[in-house]
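Summary of structural features
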Amino acid sequence: MRKLLDWFERETGLISAWGRFWTQPLPPGVGWGHIFGALTLLTLVVLFLTGGALMFYYSPTPDQAYASVQYIEHYLPAGRFIRALHYWAARLIVPLIIIHILRVFFWGAYKRPRQMIWVTGVLLLLTVIGYGLTGYALPWDQKAYWGTVVRLKIAEGVPLVGEAVATFLRGGDTVGAVTLMRFFVLHVFVLSVLVFLLVAWHVLQVRRMGVTPPGVRVNEEASVEKTQRLYPEHTARIAVGAVILSALMIWLSLVSPAPLEPRANPMDTAYKPHPDFYVLWMHELVDFFPPNLEFVGSFVLPALLVVLLLIVPFIERNPERQPRKRLLALSTGTLVLLIIVGLNVKGMEALPEPERLSPLARRGQQVFVELKCYSCHGINGGGGPVGPDLGLGGKRDPEVVRNLLRNPSAHNPHTIMPAYHLSPDKEAALVAYIVNIGPNSKMPPIPPTEPEKPASHFEENWFVNHKFEVRKDPGSCSDCHKPFFCQACHQNRRPSSHDAQWLKFHFGNAAERPEMCAACHSPDYCESCHKVMRHDTRWIQQHGSRLAQFGEKLKWAGQTMHQMCYQCHTPQSCQGCHSGALPASHKVANFLRDPQVGHGKLALKQGAASCNSCHQPQFCQSCHGLPMPHPEGWDSNHPQVGHKNPALCQRCHNFQEETCQTCHQAPPSSHTEDFRKEHPRRITDSGASCQVCHGRNACLNCHKTPMPHPKNWGETHGKLGQQRGWKGYDGVKKLQKAQCATCHDIKYCNQCHQP
Amino acid sequence: MEQRLTRREWLATLVKALATLLAIVYSIPTLVMLVVPAFRRQKNPWIKVGSANEFSVGEPKAVTLSYQRRDGWVIRTVRSTVYVVVKPDGSLKVLSNICTHASCAVRWERSRNAFFCPCHAGYFDAEGKVIQGPPPRPLPEYPHKVEGGLLYVRLESV
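All residue numbers refer to positions counted from 1 along the written sequence of the respective chain. Each chain gets a letter, beginning with A, and each ligand a number, beginning with 1, in the order they are written. Two thresholds apply to this predicted model, a pLDDT of at least 70 for residue-level local features and 80 or more for giving and counting side-chain atom pairs, whereas whole-chain, interface and lining totals are computed over all residues.

The next subject is the overall build of chain A. Secondary structure is summarised from DSSP: a helix means a run of H or I of at least four residues, a strand means a run of E of at least two, and numbering begins at the N terminus for each. Scanning chain A for helices and strands turns up 39 helices and four strands. In this scheme the burial state of a residue depends on its C-beta neighbours within 10 Å: 20 or more other such atoms mean buried, 12 or fewer mean exposed, and anything in between means partly exposed; the C-beta positions come from the backbone. For chain A, with 755 residues in total, the buried portion stands at 23%. Contact between two residues is assigned when their C-beta atoms, built from the backbone, lie within 7 Å. In chain A, the share of contacts with a sequence separation of at least 24, taken over all contacts with a separation of at least 6, comes to 72%.

This part takes up the overall build of chain B. Each helix and strand in chain B was counted, giving one helix and 11 strands. Within chain B, contacts between residues separated by at least 24 positions form 40% of all contacts whose residues are at least 6 apart in sequence.

Residues and elements named next belong to chain A. Here, expected helix span is obtained from the residue count minus one, scaled by 1.5 Å. The first and last C-alpha atoms of helix H7 (residues 142–156) sit 21 Å apart over 15 residues, in line with the 21 Å expected at 1.5 Å per residue. Looking at H7, one finds that the buried residues are Gln142, Lys143, Ala144, Tyr145, Trp146, Thr148, Arg151 and Ala155. Taken together, the buried residues of H7 touch helix H6 (115–135), helix H8 (162–170) and helix H9 (177–209).

Before going further, it helps to spend a moment on the interface of chain A and chain B. Opposite the 34 residues of chain A that make contact, chain B presents 27 residues. For the side of chain A that touches chain B, the secondary-structure elements that each account for two or more residues are helix H3 (36–55), helix H4 (62–74), helix H5 (79–107), helix H10 (230–255) and helix H19 (474–478) of chain A. With 10 residues, H10(A) is the single largest residue contributor to the side of chain A that touches chain B.

Let us now look at helix H14 (residues 359–370) of chain A. All names here are of chain A. Helix length check: H14 (12 residues) gives 17 Å between terminal C-alpha atoms against 16 Å at 1.5 Å per residue, within 8%. Contacts from the buried residues of H14 go to helix H17 (424–436). Taken from the residues just after H14, Lys372 is the one with a positive phi, measuring 60 degrees.

So, on to the sheet that holds strand S1 (residues 46–51) of chain B. Residues and elements named next belong to chain B. Overall, antiparallel pairing links the three strands, which are arranged S1-S11-S10 in an open sheet. Sheet topology places S1 and strand S10 (144–147) at the edges, where each strand pairs with a single neighbour. Here the average twist between neighbouring strands, direction ignored, is 30 degrees. A pair of strands is labelled paired if DSSP reports no fewer than 2 bridges between them. Axis angles are defined between N-to-C directions and span 0 to 180 degrees, where every axis is a line fitted to C-alpha atoms and, for a helix, only to the segment in contact.

Attention now moves to the pairing of strand S11 (residues 150–154) of chain B. All names here are of chain B. Here S11 shows one buried face, formed by Leu151 and Val153, and one open face, formed by Leu150, Tyr152 and Arg154. In the sheet, S1 pairs with S11 via five bridges, with the strands oriented antiparallel. Bridge pairing links Ile47 to Val153 in S11. Alignment of S10 against S11, held across four bridges, turns out to be antiparallel. Bridging from a neighbouring strand, Val146 pairs with Leu151 of S11. The hairpin turn running from S10 into S11, its antiparallel successor, is two residues long, and Gly148 in that turn takes a positive phi close to 60 degrees.

Another aspect to go through is the confidence of the model for chain A. What pLDDT conveys is the predictor's confidence in a given residue, as a value from 0 to 100. Confidence along chain A averages 80 in pLDDT terms, with 82% of residues attaining 70 or more. By mean pLDDT, the top-scoring element of chain A is H3(A) (95), and the lowest-scoring one is helix H32 (residues 657–661) of chain A (58).

A separate point is the sheet that holds strand S2 (residues 61–71) of chain B. All names here are of chain B. Read from one edge to the other, the open sheet built from four strands follows the order S2-S3-S4-S9, with strand pairing classed as antiparallel. Two strands lie at the open edges of the sheet, namely S2 and strand S9 (141–142), each paired on one side alone. Bridge count between strand S3 (residues 74–86) and strand S4 (residues 92–96): five bridges; the pairing is antiparallel. The residue bridging Val86 from the neighbouring strand is Leu92, located in S4.

Here Ala236(A) is to be found in helix H10. Along the sequence, Ala236(A) and Ile35(A) sit 201 residues apart, while their C-alpha atoms lie 9.9 Å from each other. With sequence-adjacent residues up to four places away left out, Ala236(A) is seen in contact with Leu11(B), Leu14(B) and Val15(B).

Next up on the list: the packing of helix H1 (residues 2–12) of chain A against helix H2 (residues 14–22) of chain A. A pair of packed helices can be characterised by two numbers: the angle between their axes and the separation between those axes. Residue and element names in this part refer to chain A. Where H1 contacts H2, the axes come no closer than 6 Å and their chain directions differ by 90 degrees. For the element pair H1 / H2, the angle class is roughly perpendicular. Across the interface between the two elements, Leu5, Phe8, Glu9 and Thr12 of H1 pack against Leu14, Ile15 and Ser16 of H2. For classification, angles of less than 35 degrees are called roughly parallel, those exceeding 145 degrees roughly antiparallel, those between 65 and 115 degrees roughly perpendicular, and all remaining angles oblique.

In this section: unusual backbone geometry. A negative phi holds for most residues other than glycine; trans holds for most peptide bonds. Residues and elements named next belong to chain A. Following Tyr231, the chain continues to Pro232 via a peptide bond in cis, the omega torsion being 10 degrees. Structurally, Pro232 can be placed in helix H10. Non-glycine residue Lys372 carries a positive phi angle of around 60 degrees. One can find Lys372 in the loop between H14 and helix H15 (398–406).

Written as structure tokens, this is what we have:
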């Protein structure tokens, strides 16, 4: 090993150079204040190390960037820690540089011949800020996306070059894939090369010119005796500082991981980007200027500050380093520092109050995440695009919120929000949280879904268009989602295809693409209706007898078999088959008339419903003129109906006396003892009611003449005798005796005929 | 002078110790993040093939499976085909459709009652055993289970 090192030293001389670098002598005043440059370098090394490790897993494309950061955060061992370390190192390097710069400034260490060390230091500060600005965009969460949009917008405001620079950085006219790749390459390559060169320059120059002896005039440096060395005396201070700094960074990384907001959503206009606290002074500066001069605050003044910093060693030529001999420089520096700090403090006051949650509301926040409310609702952005953003809409009434959760349809009949029936404590917590949400609230951290949502779910209008994707490949939904996932929304709003006619036509769809049904419905969904009736060949052969058998007796989900048929079929649909081919039962000879096997018997046996499975209920009436079979209460009603229209009964019933007598073994109640005498007065319907039982010739049987007497009887009754061949007075007597006397007194004739 | 040298030595030891500590503290999580995931094996999930009673004795039935597979931070939908065979005793067998010879996809030839590999004319019988041709091994069989009337298969890299 030693031989190898010796050989390497002989060939290159690098080992002795390395040794000389570390053993360089330092002036006596160099102490704890001088460790910040080295600590900045250490932080930079940590950033390179962690950044390099992150680069192994990061994918700089908009559809994968966020997923890869989530992968780092949630799936990689130590991934979250490494990312947090990168984040905290990046946050700490800026204050470290500023402390370093202030130390150099107040010690007067930038003075000749070290002016270029100062200049490279300022350039390094700018590069580090550049790292911050580009690294900000890489996680591609909401903050990254909107922050980048806003910053590029600010850059555009700079006159002349602003727009060109912003467009170059953006790589086009919108922030997107090209922008992200540019920011990535700037972050990991361009700025790294720059930083490497500048650090080398900076450090090697310090090595060449030595560390400034504190408080010594510029031209008296040569006389200072150098009492200590970089290694080990000063290195020990640096090492202690490095351990403390590392402990701080590691502690911060463990207790407060790097934030990751929801995935960037360019459509999410509800998102409010908030500036980070260390740029607030710039925001305050901008506020001093009218809108058309905004660039003075956002660009000119910060740029002037940078230029001022760069030229400090060239304008301040005072050779003194003792603070009390450089009052002008120190007071100017202090003034600028105080202005910036003051502006920042003012800006912090304008920041919105951070959200304060009571323990109950905090519990409610967990319930909010647990129930995945965020998949529909945003909180000032960040949620799903379905429901309204909860950050909007002002103060809410707890009672209203509670009722809305329990029954959203009562609030809005068209809503698709499912009703939530929670345990009382969960509900109270959730209500407390929702009431608490205001314009400054933020979406709580959302755990990653497993598996990761595909990129399509973040596309513009995904929610509106998902039905088309479902149609293309319904199986792809069920790969991740359970059938009841669809029903969470669709129990309140059916898919547009499921309209009023849907049940009639669903079978075709279901037969052609069963996977379409399976996308939302569980496999046993069809069975819930179809378990008794599958329309296979067997079913078609048996449906007549099944209908006849079960028609009204069995019920599924409260529906009889006929009602189930009518969900899809109309009575006419039977005729599609049965118009030519009658059902077997109808093929009996004389089906219409035969009392033993004819339709009447069948109808009585199986109930009208079995007729109704093909025929409209009115079908019987078209012949019978009556609901058939005779409706309930017919027994007592039939005399009235029969009296009105006896012909109706006669269509089926043979009105021989014995037909009625099967029931009416005793004469009807109307036929009282004196009925024979009274009946002419009691019969008001021209004898029709008599005919019901007594037949068409009811009157003639006794009267031998139409009763009651037809019109013109006055003129025609005289001819009655002649028709019978009874002539003369005897004939009249005979007629009177044989016929008229049945009802009329002999004297009745004398009312007209004088004897 | 003696004392001063000791102090310098002590400081040098301190520096070396602290530097080593920092190097360890920073490099261990970094290495863990880079090395460990590479050696993690993904557990193969049970994939639903379909209703167990839709397969009948006789002809092997090809089923195209579609399932999600994590590839780093990308979730891919992978499709692959298996043949479900019902043995005469009614038990099921799920066969890969990849020929063991040159990894071509085999298909069921009804006329010969055998799986046929078009690349080098290999033949397998309905249970995947080699009948003729160059394949060195029978068609690989995947583990399967039937739960609640549904057939699941676990695809293993073969």
